[in-house]
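For reference, the chains in residue letters:
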Amino acid sequence: MPRSGQDYLDSLRDGRAVWLDGELVKDITEHPAFRNTARSIANLYDLAQQDGLRDTLTVRPDGAESSVLRAYHVPRSHAELVERRKAFKTWSEASFGFLGRSPDYMATGIAGFVSAPEIFAGREFDGRANLDAYYRRMSEGSLYQSFTITNPQIDRTKSASEQEEDDLYVRVVKEKDDGIVVRGAKMIGTAAVFGDEIIVGTIEPLAPHDVEYALTFSIPIDTPGLKFISRTSYEAGARSVFDNPLSSRFDENDALLVCDDVFVPWERVLTYRDVESSFLMWWGTPAYHNFVHQAGVRYWTKLEFLTGLAILITKANNTYSLPPVQMQIGRLIGWLNIAKSMVLAAESEYETVGGPGGPVHINREIASAHRAMAGDLYPKVLAELKMLAGGGLIQLPASGYDLNHPELGPLVAKYVRSPGHPAEQRIKLMKLAWDALGSEFASRHEQYERFYHGAPHVYLPGIVRDGRPDLLEAFTQSCLDGYDLGDGPAGPSAGPWSGRDGS
Ligand SMILES: Cc1cc2nc3c(=O)[nH]c(=O)nc-3n(C[C@H](O)[C@H](O)[C@H](O)COP(=O)(O)OP(=O)(O)OC[C@H]3O[C@@H](n4cnc5c(N)ncnc54)[C@H](O)[C@@H]3O)c2cc1C
């Protein structure tokens, strides 16, 4: 059975080097910048042990002695994709969609790696045995894998080896009998400080001459020489759960990873000095599509939460039944159902790896479409809610303490209220809304939804490559071919998809 939340919290008390505001954090389970979020993650592990949820969140693989988190399981049918989706949904609802990199995100990526192990047989280094051991270690231990697979934004016009210094991006600086020494940095380690291990690699293409930078490995977070330089903590800035209900509990943190001459044993290396396998492990295996499966379910959950918030806000303002407001609510419900139906369609149109009976993953065209849709839509959802909420998001006492103040309390109770919503109830709702829509935490979420799957200049051209533009061009060309200067109306003609289901 997967470990308990307490086991998870205990495992965080190691020698990990987490830096915040110039301070080396001694224990993230106690520190005010991290402790509540650590508990929110521990709660996910506890859910997996709960009667009634255990079968949703865990599965016992054929021949295995104990069960593993379902996200680690390799699905082999549509039914197993559906089961995995239910697990994603259960965990994402526990954070209302605000923990993007919960442990199931990368777990499902690892299940993707082992679905196509041949990709790891590089020209100079065969990582397949290490991959197998890695999968067993992570799944059997229900370990939490964080990852940094993006090079820092130093000079985006130059390849890794053309940067002005050699060690700006993680690269190999020494080869030893028992492993390698790496130096350099990677961004952005979301939830990295909460993980058991971090996988370091590169998801974007490297130039052929960048072999020193073409490697992937997974090591414990407390490995000597690993440093995590945290961004501003929204959890630390939260006044209370009442005042900042989301940022006080679901601030998954983002950190710059610095490898300061870190020793990586060979058995932790997955790809090495191989530009092709280091790239294809993300794109040639189902890893990426598995990420979208988890992320698509979480996104749909987040839109459910935000739409529910819009309904509560408009009811509190007594505007809910106004026809224009009904239009806006209708638009939000429509958007969330688009997000939901993309997940369901991507499951139904699943693809198989390596022939019948092999691992399956969600449909790649729909997964790509989701990536394009989700980043563009999220800011519109926020804008719609802000329009509905008006000044009530701002006209709030600085903190819930004012409600209990002998002089201020009665004033706040009198003027900050609406029909059926006494002050405490209204302030509680509007503070939740501001945390989701306007706070620093909310802004970070907007940036997250736009960029966590990569930058548009990378993924949009990718959609063109995978989207069979030739068929679309041929379809429109067939219209042009059906008439000419002076011709009358053309007779019936068949398009490129005729007689097929469009797939
Ligand atoms: C909140 C958040 C959390 C994240 N978490 C993680 C994580 O856990 N692990 C991880 O590995 N990564 C993570 N990322 C990083 C993410 O993968 C990258 O942000 C993403 O790949 C985009 O890269 P970039 O930010 O370097 O943008 P860039 O590639 O620098 O692009 C930024 C902008 O510059 C312009 N631009 C740059 N280059 C070009 C070009 N060649 N052509 C045209 N326009 C260009 C575009 O306008 C583009 O939108 C996270 C990002 C965010 C925002």
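Above: the structure in question.
Predicted, not measured: the structure shown is a model, and the values here were computed from it. (Residues numbered from 1 in each chain as written. Predicted model: local features only at pLDDT ≥ 70, side-chain atom pairs only at ≥ 80, totals over all residues. Heavy atoms only, no water.)

## Things to note about the overall build of the protein chain
Link 1 in the chain: Tallying secondary structure elements over the protein chain gives 17 helices and 14 strands in all.
Link 2 in the chain: Here the C-alpha atoms of the protein chain give a radius of gyration of 25 Å, agreeing with the 23 Å that 2.2 N^0.38 yields for 503 residues.
Link 3 in the chain: When the backbone C-alpha atoms are referred to their principal axes, the protein chain occupies close to 80 × 75 × 50 Å.
Link 4 in the chain: The burial tally for the protein chain puts 54% of its 503 residues in the buried class.
Link 5 in the chain: A separation threshold of at least 6 residues defines the contact pool for the protein chain, and within that pool the share at least 24 residues apart is 75%.
Link 6 in the chain: In the structure as shown, the protein chain presents an accessible area of about 22,400 Å², 53% of it carried by carbon and sulfur atoms.
Link 7 in the chain: Put simply, the protein chain has 51 plus and 67 minus side-chain charges, and the middle of one group is 5 Å from the middle of the other. (Helix = DSSP H or I, 4+ residues; strand = E, 2+ residues; numbered from the N terminus. Rg over C-alpha atoms; globule rule 2.2 N^0.38 Å. Buried < 20%, exposed > 50% of the residue type's maximum accessible area, 1.4 Å probe, protein only. Contact = heavy atoms within 4.5 Å. Areas by Shrake-Rupley, 256 points an atom, 1.4 Å probe, with all protein chains shown as cover. Lys, Arg positive; Asp, Glu negative; His and termini not counted. Charge placed at Lys NZ, Arg CZ, Asp CG, Glu CD.)

## Points about the site of the ligand
Link 1 in the chain: Among the 19 residues in the neighbourhood of the ligand, the closest are listed as Arg101, Ile149, Arg156, Ile188 and Thr190.
Link 2 in the chain: The separation between an oxygen atom of the ligand and a polar side-chain atom of Arg101 is 2.6 Å.
Link 3 in the chain: Thr190 places a side-chain nitrogen or oxygen 2.6 Å from a nitrogen atom of the ligand.
Link 4 in the chain: Coverage of the ligand by the protein chains reaches 72% of its 960 Å² of free accessible surface.
Link 5 in the chain: Going through the elements one at a time, strand 5 (145-148), strand 7 (179-190) and helix 15 (440-451) are the ones with two or more residues in the shell around the ligand.
Link 6 in the chain: For the shell around the ligand, the element with the most residues is helix 15, which contributes 4 residues.
Link 7 in the chain: Each residue belonging to the shell around the ligand can be placed in one class, and the counts come to 7 nonpolar, 7 polar and 5 charged. (Near = heavy atom within 4 Å. Polar contact = N/O pair within 3.5 Å; in protein donor to acceptor, adjacent residues only side chain to side chain. Nonpolar A, V, L, I, M, F, W, Y, C, P; charged D, E, K, R; others polar.)

## Points about the sheet that holds strand 8 (residues 197-200)
Link 1 in the chain: In spatial order, the strands read 5-8-9-12; together these 4 strands make up an open sheet with mixed pairing. The open sheet is flanked by strand 5 and strand 12 (269-272), the only strands paired with a single partner. This sheet shows a mean twist of 20 degrees between the axes of neighbouring strands, independent of strand direction.
Link 2 in the chain: Summarising the sheet, strand 9 (residues 215-220) and strand 12 pair through 3 bridges and their orientation is antiparallel. Of the residues in strand 12, the one forming a bridge with Leu215 is Tyr272.
Link 3 in the chain: Strand contacts of helix 5 (residues 103-113): strand 5 and strand 8, with the helix running at about 80 degrees to strand 5, the strand carrying the most contacts. (Pairing = 2+ DSSP bridges. Axes fitted to C-alpha atoms, helices over the stretch in contact; angles between N-to-C directions.)

## Points about the pairing of strand 5
Link 1 in the chain: The side-chain alternation of strand 5 yields two buried faces, one formed by Gln145 and Phe147 and the other by Ser146 and Thr148.
Link 2 in the chain: With 4 bridges joining them, strand 5 and strand 8 adopt parallel strand pairing. Directly across from Thr148, in strand 8, lies its bridge partner Val200.

## As for the side chain of Asn130
Link 1 in the chain: With respect to the helices and strands, Asn130 occurs in helix 6 (residues 128-140).
Link 2 in the chain: Apart from residues no more than four positions distant in its own chain, Asn130 is found in contact with Phe125, Trp266, Glu267, Arg268, Val269 and Leu270.

## Overview of the environment of Asp466
Link 1 in the chain: By the element assignment, Asp466 lies in helix 16 (residues 456-466).
Link 2 in the chain: Residues Asp466 and Ser218, spaced 248 residues apart in sequence, show a C-alpha to C-alpha distance of 30 Å.
Link 3 in the chain: Apart from the residues within four sequence positions on either side, Asp466 is in contact with Glu365 and Ser368.

## Here's the deal with helix 14 (residues 423-437)
Working note: α-helix, 3.6 residues per turn, so residues spaced by three or four point in the same direction.
Link 1 in the chain: With 15 residues, helix 14 extends 21 Å from end C-alpha to end C-alpha; this agrees with the ideal 21 Å at 1.5 Å per step.
Link 2 in the chain: Most of helix 14 is tucked away: 11 of the 15 residues are buried.
Link 3 in the chain: Every buried residue of helix 14 is accounted for by Ala423, Arg426, Ile427, Leu429, Met430, Lys431, Leu432, Ala433, Asp435, Ala436 and Leu437.
Link 4 in the chain: Looking at the buried positions of helix 14, the neighbouring elements they touch are helix 9 (287-316), helix 11 (364-389), helix 12 (401-404), helix 13 (408-415) and helix 15. (Expected span 1.5 Å × (residues − 1).)

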